[in-house]
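# An overview of the molecular structure
The lines below spell out each chain.
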Amino acid sequence: MLAGALRVVIPVRGIPATTLLPDTTGIHYSATLAEPAGFSSAESVLLVLCVLLSAGLFFWRFAPILRNILRSRPDADFSLRPIGRRVWAFVSEVLCQSRVIRQRPLPGLAHAFVFWGFLAFALVSLNHLASGVRLGFLDPQGRLGSFYFLFAAAWAVLVAVSIAGLFIRRFFMRPVWLGEKLSYESGFIAFLIFLLMVTYLGAFFVDKGSTGVNLLWWMHTLSLLIFLPLIPHTKHLHLVLSPLTVFLKRDGFAKIPPLAGDEDFGLVAGKDITQLISLQTYSCVECGRCTEHCPAATTGKLLNPKEIVLGLRSYLNELGPASETPLLAEARDTAPADAHQQLLSMEAAFACTTCGSCEFQCPVGVQHVPIIVGLRRGATNTGAWEDTYGTKLFLALEKSGNALGLSAMERDKFIQKQQFPLFDGTQEYCLWLGCMGGYDPRGREIIADFARVMRHLGTTFGVLKKEKCTGDPARRLGNDLVFQTLAESGLKAFETAKVQKIVAICPHCVRTIANDWREYGIAPVIEHHSEFMARHRDHLPQQAGESIVYHDPCYLGRYQEIYDEPRAVIAQAGTLVEAPRSHERSFCCGAGGGLAFLGEEPGERVSHVRAKELAATGAKVVGTACPFCNTMFRDALSAISDTPPQLLDIAQLTARAIPASPDPMGGTQ
């Protein structure tokens, strides 16, 4: 317990502000950094020069970045509307730090405390510098000033503890997804932030008017002024840019923008980088969340979403947004001439499953999927990407109208065998088969069982006489010409048949028809079969409690935010078991982005990693809601276990409890 007296400067009615009370804390509330003691005119001039130098260095280093962003190609489809959604994203993700905290609670909360502390200190810092030229506006002896300095002190404690924890995590505990290279500039900035807080708090323990207060004042000031010019060339640039990035990011999850005219082939060279992409690349905080959750990066593929973004940043810094130099290198060289080539390569770009985990996790608004698909577009549309499987896929889509390259007669035979009626405009639903449902043997089983469910419910439906692929694999692999042809063909088929409502078993088909086709026209309303069955679950049979672990498909979950409906269907069929990674954090099956058709994948198989997780739950059945996931797990489950759990789609789980009965077309269902 320290002896002495505490000079109270908080006015209380009826008690003079200078009343001496016993000192039980050793804290001198009058000795804040708000009023430097005996500050001379020379010191004020020195302060002004230091502020001007710091600000000048900041803008000198920030100006090239700003020029690169502004000189990048404008985004042709950009619109501020809907403004309300942007404002909400800003409030939620920037001010409330919701994404930062939700996805990494402990370090996220530490980061949030630092951010909120900076907001609390904005007023203190302005007053601090103003007091150096005798223009301070917060009176430490006034009601507002005395309260605010104590309020800021509380935040200073939280910031100091949080930044120390983040420093230890990054430099000593260092998770693998942060990368091997240590950023000593980041460490120095963390030290400056810690020093800012310590010097502010230290002034409360020093007598007002002492040289100690002036020493702390200058240490605090120099920490602040040194910190400012370091921002532009470090990951802390996100402090300046990320609020703008979050507010301006493209509306819609993983939305692929339309090409801007006949001369736009995608991201071929620097001249094709748009302003939004430039802004996002400079906003990257290098936190590694995208890497941590990327199925390609975690299974030994060359792709690292963080490196793609940092590669574009390096390209802009080296060559600028007007460069004609190709963005993608043929392969990652052992000693590349340019820094960006260490990070950007053709192989990496085409290892992406477009699962969207990177974009979902990013706390600063970077939209990785459109960037990666843009790079694929540039390589595919210009012929730079040469891949045997890719070429075979595109030819199959062009000639046969399906990704499997089978004759349309195979689909016709399946329709006749199942006695599916053709859609004639009188039925309620058009049942979309898709490539997997119309040609793949397991996909056909799912379609047949879902048709049984629809008949059990008394829902009328029909199938199109002729049906082509939605173009999803072509879209994700960057072949815009093939995609446009298929999209226009599909829209015309719906219009000719007068289709009003569509139901499909494939989340990829649902997403592509509902969103990607909008470039060429508006398709009829389409829903996933999980939504259809969940809506009618009261009329579906309740089954015994067999344990079922459900795998969330990327294109149903993250892309369309459909999580509850398939679980409601499974609850009718058994006892739901959650996988270790579920809902929005679900791990990919490895089929998306057209990769299901590109042959053997290098490294560990994504499907095997996920299959091991699902099997480890001990559930008797693995439930899926996507024919691609079903196909990937069919082989993976057999490979990881001699007695794997049963694999069934949610339609099959439901249909197995429906007794066979004569259907309206004859036969049994």
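Calculation criteria
Going along each chain's sequence as written, the residues are numbered from 1 onward. In keeping with the predicted nature of the model, local features appear solely for residues at pLDDT of at least 70, side-chain atom pairs appear and are counted solely at 80 or more, and the whole-chain, interface and lining totals rest on all residues. For the side-chain quantities, the full set of heavy atoms in the structure was used; hydrogens and water were omitted. Counting from the N terminus, the helices are DSSP H or I runs at least four residues long and the strands are E runs at least two residues long. Pairing of aromatic rings covers Phe, Tyr and Trp, the last counted by its six-membered ring, and requires centre-to-centre distances within 6.5 Å; plane angles under 30 degrees mean stacked, over 60 mean edge-to-face, and any other angle means tilted. The cut-offs for exposure are 20% and 50% of the maximum accessible area for each residue type, with area from a 1.4 Å probe on protein chains only; residues under the lower value are buried, those over the upper are exposed, and the others partly exposed. Whether a charge lies above a ring is judged from NZ of Lys or CZ of Arg, which has to be within 6 Å of the ring centre and within 35 degrees of the ring normal. Note on pairing: two strands pair once DSSP finds at least 2 bridges between them. It only takes one pair of heavy atoms within 4.5 Å for two residues to be counted as in contact. Angles run from 0 to 180 degrees between N-to-C directions of axes, and those axes are lines fitted to C-alpha atoms, restricted for helices to the stretch in contact. An angle counts as roughly parallel when it lies under 35 degrees, as roughly antiparallel when it exceeds 145, as roughly perpendicular when it falls between 65 and 115, and as oblique in every other case. What makes a crossing left-handed is the near helix being turned counterclockwise from the far one by less than a right angle; a clockwise turn instead makes it right-handed. Salt bridge, as applied in this entry: a Lys or Arg side-chain nitrogen positioned within 4 Å of an Asp or Glu carboxyl oxygen.

With an omega dihedral of 0°, the bond running from Arg81 to Pro82 counts as a cis peptide bond. Mapped onto the secondary structure, Pro82 falls in the loop between helix H1 (41–71) and helix H2 (83–95). Despite not being glycine, Glu286 shows a phi value in the positive range, around 60°. By the element assignment, Glu286 lies in the loop between helix H9 (275–283) and helix H10 (289–293). If you check the backbone angles, Lys498 has positive phi at about 55° while not being a glycine. On the secondary structure map, Lys498 appears in the loop between helix H20 (480–497) and strand S5 (501–504).

Another aspect to go through is the packing of aromatic side chains. Throughout the structure, instances matching the rule amount to 26 aromatic pairs. Judged by centre distance (6.0 Å) and plane angle (45°), the rings of Phe494 and Trp517 are tilted. Of this pair, Phe494 sits in helix H20 while Trp517 sits in the loop between helix H21 (507–514) and strand S6 (525–528), placing them 23 residues apart in sequence. Comparing Phe494 with Trp517, the two get one shared label, buried. Clustering of aromatic rings is evident, with ring pairs tying together Phe58, Phe59 and Phe62. Between the NZ or CZ atom of Arg99 and the centre of the ring of Phe360, over which it lies, the distance is 5.5 Å. If you follow Arg581 out to its NZ or CZ, it ends over the ring of Phe587, 4.1 Å from the centre.

The strands that make up a sheet are held in pairs by hydrogen bonds between backbone atoms, and each pair lies either parallel or antiparallel. One open sheet holds the 4 strands; their spatial order is S4-S3-S5-S6, and the pairing between them is parallel. Looking at strand neighbours, the two that pair on one side only are strand S4 (461–462) and S6, the edges of this open sheet. Where strand S3 (residues 429–432) lies against S5, 3 bridges are found, and the strand directions are parallel. Bridging across to S5, Cys430 finds its partner in Ile502. Contacts from H21 reach S3, S5 and S6, with the element oriented near 160° to S6.

Viewed as axis vectors pointing N to C, helix H4 (residues 105–131) and helix H5 (residues 143–173) meet at an angle of 140°, and their least axial separation amounts to 8 Å. The angle between H4 and H5 places the two elements in the oblique class. The two elements H4 and H5 cross, and the hand of that crossing is left-handed.

On to the pattern of salt bridges, then. Enumeration over the complete set of coordinates arrives at 30 salt bridges. Linking Glu519 and Arg475 is a salt bridge whose minimum nitrogen-to-oxygen distance equals 2.5 Å. Note that Glu519 is positioned in the loop between H21 and S6 and Arg475 in helix H19 (residues 472–477), a separation of 44 residues in sequence. Judged by its relative accessible area of 30%, Glu519 falls in the partly exposed class.

Note that all results are geometric; they support no functional claim without further evidence.
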